[in-house]
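What follows is each chain in one-letter form.
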Amino acid sequence: MWYVSTRGMAPRIDFEGALFSGYAPDGGLYMPEELPQLGRETLREWSMLSYPSLVKELCSLFIGPELIPRDDLNDLIDRAFSRFRHREVVHLSRLRNGLNVLELWHGATYAFKDMSLCCAAQFLQYFLQKRKRHVTVVVGTSGDTGSAAIESVQGAKNVDIIVLLPKGHCTKIQELQMTTVLRENVHVFGVEGNSDELDEPIKTVFADVAFVKKHNLMSLNSINWSRVLVQIAHHFFAYFRCAPSLDTHPLPPVEVVVPTGAAGNLAAGCIAQKMGLPIHLVVAVNSNDIIHRTVQWGDFSLSEVVKPTLASAMDIQVPYNMERIFWLLSGSDSQVIRALMEQFERTKSVGLPKELHSKLAEAVTSQSVSDEAITQTMGRCWQENEYLLCPHSAVAVSCHYQQVDRQQPSPPRCCLAPASAAKFPEAVQAARLTLDTPAEILALEHKETRCTPVRKGDDWTRMLRDRIEDLSQQWQGRFQNLPA
């Protein structure tokens, strides 16, 4: 299995190369050169599998046994999920009015990103130990990625992690989950800016190919293919749990509602579709609606500002995984994608070519959900089910309630729930509901914190480069002092 850049100007690489890369050298994102096609029999066999077993089957299609033998792969995935609170790793709650909520938040930081990052970190450490290498992971976060990335690699000997968080734009709990980890290999920067702004210095650093190579830099944002790979399993699992039967011909469709910011989970769903899974995707966003405008009108353009919302982890204007989706739907036409994305980077605004837009509108429908609709949905779900949604899950469930209220016939529907309500007490309060906060989250308030401030007037790129160079020197010093 080979991986190619969406922009077509970088050499193809294997899974190990894609894992250790952020952006491709030509500014694109890595995608599999070809997608495996799954027939009815494979889908029927897979429908009986547990979630971890499903992840193993999927990963074995995209990671060659010459890189990670199958027994090792199984062990790594078992290790990745060993600390999840739910024995099934993910759990489907079947609620009133046909509402199915797939809980993806039973990992250490109560967010769906634990699932893909725990696996990515295991793959990473497997190769690093084998190659006796060190990497510095650089992550920009809008809230949940940073804490899940820290959790997955904290204490690892061969990895340093630098996280840039948008000060004042995360919830207090999200911030504390990052700043209270005092391990030697964890370095947190609190940036005076939003998550799109803090992505800029990261992209600038990764554009310097010689610097990236010299310091063994990589990213664990959802630009990293391994993250998207594991997220494909959410869609298969949702389908198998919600499809009425796999004995009919053709297989019955299931609608999967995907709340998203950077579109990683949406890209994973589009890949699952292309592999033969009969799902229809509904993408649900908050008031930062670039994805909604793109699906509806082909208008891929930035708004003037990022609007702060109750679903703060989705307060994103640059959904970089849309590039993967455009590439997939264009029939892997890297020339079209390169021209499109380079224009977007120059002008912050681009209209999709007509053919590409019609393919997108065929694969995906979309909704934009206001803060008012988020709190109403949280209230309604509690009233009907005594079930508490996080604001991001409420963005998805709001789409479900709109369909229910229209009383239109539709296929079974599954709403992906990316986080626990326990991480968002402010939103729970706004919905006039009460929260039973887990003890481990309450304990964060009393822990010591560590965070380097990055202020408006500072040279953010220079600060980032300096810290990376320091860490490289420290690692070289430690490596030279290791006993022979």
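Residues numbered from 1 in each chain as written. Predicted model: local features only at pLDDT ≥ 70, side-chain atom pairs only at ≥ 80, totals over all residues. Heavy atoms only, no water.

J.: A description of the packing of helix 6 (residues 144-153) against helix 7 (residues 172-179) should follow, citing residues and the corresponding values.
T.: Between helix 6 and helix 7, whose axes approach to 9 Å, the crossing angle comes to 30°. Looking at the two axes, helix 6 sits roughly parallel to helix 7. Regarding helix 6 and helix 7, the two cross each other, and that crossing is left-handed. The segment helix 6 lies against helix 7, with Asp144, Gly146, Ser147 and Ile150 engaging Gln174, Gln177 and Met178. For the contact of helix 6 with helix 7, a count of residues per class yields two nonpolar, four polar and one charged. (Axes fitted to C-alpha atoms, helices over the stretch in contact; angles between N-to-C directions. Helix = DSSP H or I, 4+ residues; strand = E, 2+ residues; numbered from the N terminus. Parallel < 35°, antiparallel > 145°, perpendicular 65-115°, else oblique. Left-handed = near helix turned anticlockwise from the far one by under 90°. Contact = heavy atoms within 4.5 Å. Nonpolar A, V, L, I, M, F, W, Y, C, P; charged D, E, K, R; others polar.)

J.: Kindly report on the UniProt feature "domain: Tryptophan synthase beta chain-like PALP" (unreviewed entry) in the chain, identifying the contributing residues and their values.
T.: The residues that UniProt annotates with the feature "domain: Tryptophan synthase beta chain-like PALP" (unreviewed entry) are residues 105-330. Between the first and last C-alpha atoms of residues 105-330 the distance is 33 Å; the span itself is 45% helix and 17% strand. (UniProt positions renumbered as here; feature names shortened; annotations may be inferred.)

J.: Hey, could you go over the pattern of salt bridges for me, with residue numbers and the actual values?
T.: As a working rule, side chains carrying opposite charge can pair if their charged atoms are close by. Counting across every chain of the model gives 21 salt bridges. Among the ionic pairs, Lys203 bridges to Glu345, the shortest N-O distance being 3.1 Å. One end of the pair, Lys203, is in helix 8 (residues 195-207); the other, Glu345, is in helix 14 (residues 334-347), and 142 residues separate them in sequence. You can call Glu345 partly exposed: its relative accessible area is 33%. Among the salt bridges present, the one from Arg293 reaches Asp289, with a minimum N-O distance of 2.9 Å. Assigned by exposure class, Arg293 and Asp289 land together as buried. Connected via shared salt-bridge partners are Arg7, Lys203, Glu323 and Glu345. (Salt bridge = Lys/Arg side-chain N within 4 Å of Asp/Glu carboxyl O. Buried < 20%, exposed > 50% of the residue type's maximum accessible area, 1.4 Å probe, protein only.)

J.: Describe helix 6, with residues and values.
T.: The buried count for helix 6 comes to 10 of 10 residues, which makes it a mostly enclosed element. If you check which residues of helix 6 are buried, you get Asp144, Thr145, Gly146, Ser147, Ala148, Ala149, Ile150, Glu151, Ser152 and Val153. Buried residues along helix 6 sit in contact with helix 5 (113-131), strand 5 (135-140), strand 6 (159-166), helix 7, strand 7 (186-191) and helix 10 (225-242).

J.: Quick rundown of the pairing of strand 7? Include the residues and the values.
T.: Taking burial as the measure, the six residues of strand 7 include six buried ones, the bulk of the element. Here strand 7 shows two buried faces, one formed by Val186, Val188 and Gly190 and the other by His187, Phe189 and Val191. Alignment of strand 6 against strand 7, held across six bridges, turns out to be parallel. Bridge assignment links Pro166 to a residue of strand 7, and that residue is Val191. As defined by bridge partners, strand 7 adjoins strand 15 (residues 452-454) across three bridges and the pair is classed as parallel. (Pairing = 2+ DSSP bridges.)

J.: Any details on the environment of Ala430? Residues and values, ideally.
T.: Turning to its location among the elements, Ala430 is positioned in helix 18 (residues 425-430). Take Ala430: its relative accessible area is 40%, and that puts it in the partly exposed class. Residues Ala430 and Gln376 lie 54 residues apart in sequence; the distance between their C-alpha atoms is 9.8 Å.

J.: I'd like a description of the packing of aromatic side chains, backed by residues and values.
T.: Enumeration over the complete set of coordinates arrives at 14 aromatic pairs. Seen from their ring centres, Phe15 and Phe123 are 5.7 Å apart, and the 80° between their planes marks the pair as edge-to-face. Here Phe15 is found in helix 1 (residues 15-19), whereas its partner Phe123 is found in helix 5, with 108 residues between them in sequence. Classification of Phe15 as buried rests on a relative accessible area of 1%. Between Phe81 and Phe84, the ring centres sit 5.4 Å apart and the planes meet at 85°, which makes this aromatic pair edge-to-face. Look at Phe84 and you get buried, because its relative accessible area is 10%. Grouping aromatic residues by their ring pairs yields a cluster made of Tyr3, Phe15, Phe62, Phe123 and Trp225. Its guanidinium or amino end placed over the ring of Phe211, Arg465 lies 4.0 Å from that ring's centre, counting from NZ or CZ. (Phe/Tyr/Trp six-rings, centres within 6.5 Å; stacked < 30°, edge-to-face > 60°. Lys NZ or Arg CZ within 6 Å of the ring centre and 35° of its normal.)

J.: Quick rundown of the sheet that holds strand 7? Include the residues and the values.
T.: Read from one edge to the other, the open sheet built from five strands follows the order 8-5-6-7-15, with strand pairing classed as parallel. Only two strands of the sheet have a single partner each, and these edge strands are strand 8 (217-218) and strand 15. When strand 5 meets strand 8, the two strands line up parallel, connected through two bridges. By the bridge assignment for strand 8, Val137 is matched with Met218.

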